[in-house]
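In case you want the letters, here they are:
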Amino acid sequence: MSRTTSPVKALTVRGPFRGPSGYDHHVREFVRELDRQGIRVHLIDLPHWTAAKLSNPLKDSFFESLNRPVDSNIVLHLTLPQDAHSAHGKHNVNFTMFEASRIPTNWVRHNQRHDLVIVPTESSRRAWIASGMDDKRLRLCPLGVDPSRYATIGEPLELKLPSGEPVSQYRIRFLNISELNPRKNLIGLVRAWISATTPSDDTVLILKTGAWIRRAQQGFDEQLDAMLTKLEKRLEDAAPILFVRRMLADAEMPRLYRAATHYVSMSFGEGWDQAMMEAAATGLQLIAPDHSAYQCYLDRSIARLITAHQAPVVFDGDPATAAFFRDATWWKPDEAEAVRAIRDAIEHRNDPTGSPQHRTLTEFTWEKATNRLLEILAEINRPVRRWFF
């Protein structure tokens, strides 16, 4: 165990950790590293975060053991602002992010009650400032990867198409890992795939999807059918697509990345995109839109970046989510350019010359992220003033 020199020796962490979402993942990784550095942690779950939970075989009992209070005057809320309920008599810090040009105005009002707000990228910082947040109370702390898990050689996950053909027989294997929601633009990715490939191409697209809200899978299937009808195409008119819908434990994820050669995203906006970062750490070649979080850790020397243009946020049929993005814009990737990028990857044209793996493993690790987090928390690591009348 590497002991930290930080003045912060104990920390209360509030955030989801029992589910498959990105926030759950970030909570688990920060807490693992805090523990490795000798920080005593009291971990408090947000039980109503999402109905989707990891099944018992996928859980790590370590996190359940961190259920006892610790002597800490700081509460770190790793969650959306509306779920970051301030603890009385403590310093409160909200670590969060956003995927569009501005945040909901009620988030600004809510976060004014906190000592600090931490975001992982300059894109998120600009969104907070554009909505009226005082930049003096904002801090940047990039997220990371675990090199011991992703940079090591291991067996790829065995995947097969419905026909029984092993995915490993294809020379070029694209991967995307996304929750089924409009922001991830999976319909745009499939549309670009249909335009870029033919059944004779030696390539396959692996779509690892998660449906964490009710009707998400049904909604995606309906949109996919509508898109294919409009194009007068079938999925069989392109190179194969394998849909992987089962949950995977944190320990299984590296094997999924090792089953691929490329990682591709057509997202409209990202607070971070942990999957892209983990793909980079595994050594995959990357195709990503040139916007939001991707600009924090990618450039054209190490990734194929797709031009993106600002467009109004649209969440058809989901008024609750649409309310979060009212008056905001996100970034629409150029599909024609994405088609060329996929085609070039298949034919080994215009490959980036640098290594996203080297940059990720040297600049973006959970150890560095946690060191930065502790550096920020040390700014407020002082007794909380209490008034007596």
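Look a little higher up for the structure.
A quick note: this is a predicted structure, and the numbers were derived from the prediction, not measured.

How each quantity is defined
- Residues numbered from 1 in each chain as written.
- Predicted model: local features only at pLDDT ≥ 70, side-chain atom pairs only at ≥ 80, totals over all residues.
- Heavy atoms only, no water.
- Core = buried A, V, L, I, M, F, W, Y, C linked by side-chain atoms within 4.5 Å.
- Buried < 20%, exposed > 50% of the residue type's maximum accessible area, 1.4 Å probe, protein only.
- Contact = heavy atoms within 4.5 Å.
- Pairing = 2+ DSSP bridges.
- Helix = DSSP H or I, 4+ residues; strand = E, 2+ residues; numbered from the N terminus.
- Axes fitted to C-alpha atoms, helices over the stretch in contact; angles between N-to-C directions.
- 1 Å grid on protein atoms, 1.4 Å probe; cavity = no way out; pocket = protein on both sides within 12 Å on 5 of 7 lines; lining within 4 Å.
- Points joined across faces, edges and corners; volume = space filled by probe spheres on them.
- Nonpolar A, V, L, I, M, F, W, Y, C, P; charged D, E, K, R; others polar.

Engineer: I tried to follow the nonpolar core on my own but got confused; where do I start?
Structural biologist: Soluble globular proteins: nonpolar side chains tend toward being buried together. Of all hydrophobic cores here, the largest spans 88 residues; its most connected members are Y257, Y263 and L298. Apart from residues no more than four positions distant in its own chain, Y263 is found in contact with L175, N176, I177, Y257, D273, A275, M276, A279, L284, Q285, L286 and I287. L186, A192, L205 and L228 belong to the second largest nonpolar core, which has 31 residues in total.

Engineer: How should the sheet that holds strand β10 (residues 262-264) be read in this particular structure?
Structural biologist: To summarise the sheet geometry, strands pair through backbone hydrogen bonds and adopt either a parallel or an antiparallel arrangement. Taking strand neighbours across the sheet as the criterion, the six strands line up as β9-β8-β7-β10-β11-β12 in an open arrangement whose pairing is parallel. Both outer strands of the open sheet, β9 (241-244) and β12 (304-306), are each paired with one neighbouring strand and no more. The average undirected angle you get between the axes of adjacent strands in this sheet is 20°. Its contacts with the sheet put helix α12 (residues 335-346) on β7 (172-179), β8 (203-210), β10, β11 (285-289) and β12, and the angle it makes with β12 is roughly 165°.

Engineer: Looking at this structure, I do not really get the environment of P356. What am I missing?
Structural biologist: Within the secondary structure, P356 is located in helix α13 (residues 356-363). Taking the C-alpha atoms as reference, P356 lies 38 Å from P319; in sequence the two are 37 residues apart. If we skip the residues at most four places from it in the chain, P356 touches A280, L284, L286 and I302.

Engineer: In this structure, what is going on with empty space enclosed by the protein? I would like to understand it.
Structural biologist: Rolled over the atoms, a probe sized like a water molecule indicates the empty space that remains. The tally for this structure, following the rule as stated, stands at two cavities of 30 Å³ or more. By volume, the largest cavity amounts to about 80 Å³. Elements with a minimum of two residues in the lining of the largest cavity: β11 and α12. Of the residues that constitute the lining of the largest cavity, the class distribution is five nonpolar, three polar and four charged. Reported here for the second largest cavity is a volume of approximately 30 Å³. Together, N176, I177, S178, K184, Y263, S265, M266, S267, E270, D273 and Y294 line the second largest cavity. No other element matches β7, which puts three residues into the lining of the second largest cavity. Partitioning the lining of the second largest cavity into residue classes produces four nonpolar, four polar and three charged.

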